[in-house]
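Descriptive structure summary
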Amino acid sequence: MTTSAAFAQNVNVRESTVSFGKTSQSAVVADYDLPASMVEDALKQHMEKAGLDKKKSEKGFMAYKGAAWKEISNDKADIYLKVDGKGNKSTISVLYSKGYDNFISSSTDAETVNAIKNFLTNFVTDLKKYQLMQDIAKQEDAVKKAEKVFSASVSDGKSLADDKAKIEKKIADNTNEQGDKQKALDAEKKKLEDLKAMVGQ
């Protein structure tokens, strides 16, 4: 499991420019030492819980148009999120526009940019919880599989015990039968000896 190692990391959060369609726009980006698929799933889950579940896809970004992202600001804005990465490295890019491609930067809205930076820094907590829930789900599957194997083993044991009881009964019956057969054999032998004795008289 990578949970403890993954979250000892320092998240690299910074301002940058990213490609948005055919243009470059101001953005806040953050790097994480986790697979992009996990980060994207956790981000989608977080945004849904934050009430931003009406996302669209635009220019490769998750787009939330005219939405109030209350963790960042009470004002409505166009929010664009994208997760890129390879292997166990991923990057979240956040573009925040006050409308008509009016993308903010620290020079135009330092307060909102800092709020986005804080969100991306603290998002590690969400990732930790998300990965933990994934680990729990995997472990629950492992327990279910182990329970099935154990149940099958118990069933086999009962079957073997039943077979043993049947075999032991057959052995006991056979032992009794041998006793009866032995008596019959002894009786036949005695008759033979009696007949032979009569010849010698």
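Anything mentioned here points back to the structure above.
Residues numbered from 1 in each chain as written. Predicted model: local features only at pLDDT ≥ 70, side-chain atom pairs only at ≥ 80, totals over all residues. Heavy atoms only, no water.

A closer look at the overall build of the protein chain
Quick note on the threshold: Secondary structure elements are taken from DSSP: a helix is a run of H or I of four residues or more, a strand is a run of E of two residues or more, and numbering for both begins at the N terminus. Note on method: radius of gyration uses C-alpha positions; expected globular size equals 2.2 Å times residues raised to 0.38. Each residue's exposure class comes from its accessible area (1.4 Å probe, protein chains only) as a fraction of the maximum for that residue type: buried when under 20%, exposed when over 50%, partly exposed otherwise. For the accessible areas, the method is Shrake-Rupley and the probe is 1.4 Å, while residue cover comes only from the protein chains on display. Positive charges come from Lys and Arg alone, negative charges from Asp and Glu alone, with His and the N- and C-terminal ends not counted. The atom standing in for a charge is NZ when the residue is Lys, CZ when it is Arg, CG when it is Asp and CD when it is Glu.
Scanning the protein chain from N- to C-terminus turns up three helices and six strands. The linear arrangement of helices and strands in the protein chain, starting from the amino end, is α-β-β-α-β-β-β-β-α. Here the C-alpha atoms of the protein chain give a radius of gyration of 39 Å, more than 25% beyond the 17 Å that 2.2 N^0.38 yields for 201 residues. Seen through its C-alpha atoms, the protein chain measures out along the principal axes to roughly 140 × 30 × 30 Å. Residue burial in the protein chain is summarised as follows: out of 201 residues, 30% are buried. Accessible surface computed for the protein chain: about 13,600 Å², of which carbon and sulfur atoms make up 51%. Seen as two clouds, the 33 positive and the 31 negative side-chain charges of the protein chain have centres 2 Å apart.

Regarding the sheet that holds strand β3 (residues 56-58)
Convention followed: Here a strand pair is declared whenever DSSP counts at least two bridges between the two strands. Axis lines are fitted to C-alpha atoms, over the contacting stretch for helices. Their N-to-C directions set the angle, which ranges from 0 to 180 degrees. Contact between two residues is taken to exist if any of their heavy atoms lie within 4.5 Å; hydrogens are not considered.
In space, the six strands of this open sheet follow the order β1-β2-β6-β5-β4-β3, with antiparallel pairing throughout. Edge positions in the sheet fall to β1 (12-20) and β3, since each of these pairs with one other strand and no more. With direction set aside, neighbouring strand axes in the sheet form an average angle of 35 degrees. Strand direction decides the pairing type here: β1 and strand β2 (residues 23-32), joined by nine bridges, are antiparallel. When the bridges of β2 are listed, R14 appears paired with V29. Along the sheet face, helix α2 (residues 36-49) touches β4 (61-68), β5 (76-86) and β6 (89-97) and points at about 160 degrees away from the line of β5. Running over the sheet, helix α3 (residues 106-199) touches β1, β2 and β6 and is turned about 30 degrees from β2.

A short note on the packing of aromatic side chains
This is how the line gets drawn: The rule is short: rings of Phe, Tyr and Trp, with Trp giving its six-membered ring, pair when the centres are within 6.5 Å, and they are stacked under 30 degrees, edge-to-face over 60, tilted in between.
This structure, assessed with the given rule, holds seven aromatic pairs. Ring geometry for Y32 against F123: centres 6.2 Å apart, planes inclined by 75 degrees, an arrangement best described as edge-to-face. With a gap of 91 residues between them, Y32 in strand β2 and F123 in helix α3 connect regions that are remote in the sequence. Residue F123 is classed as buried on the basis of its relative accessible area, which comes to 0%. Ring pairing ties together the aromatic residues F20, F61, Y80 and F103, which thus form one cluster.

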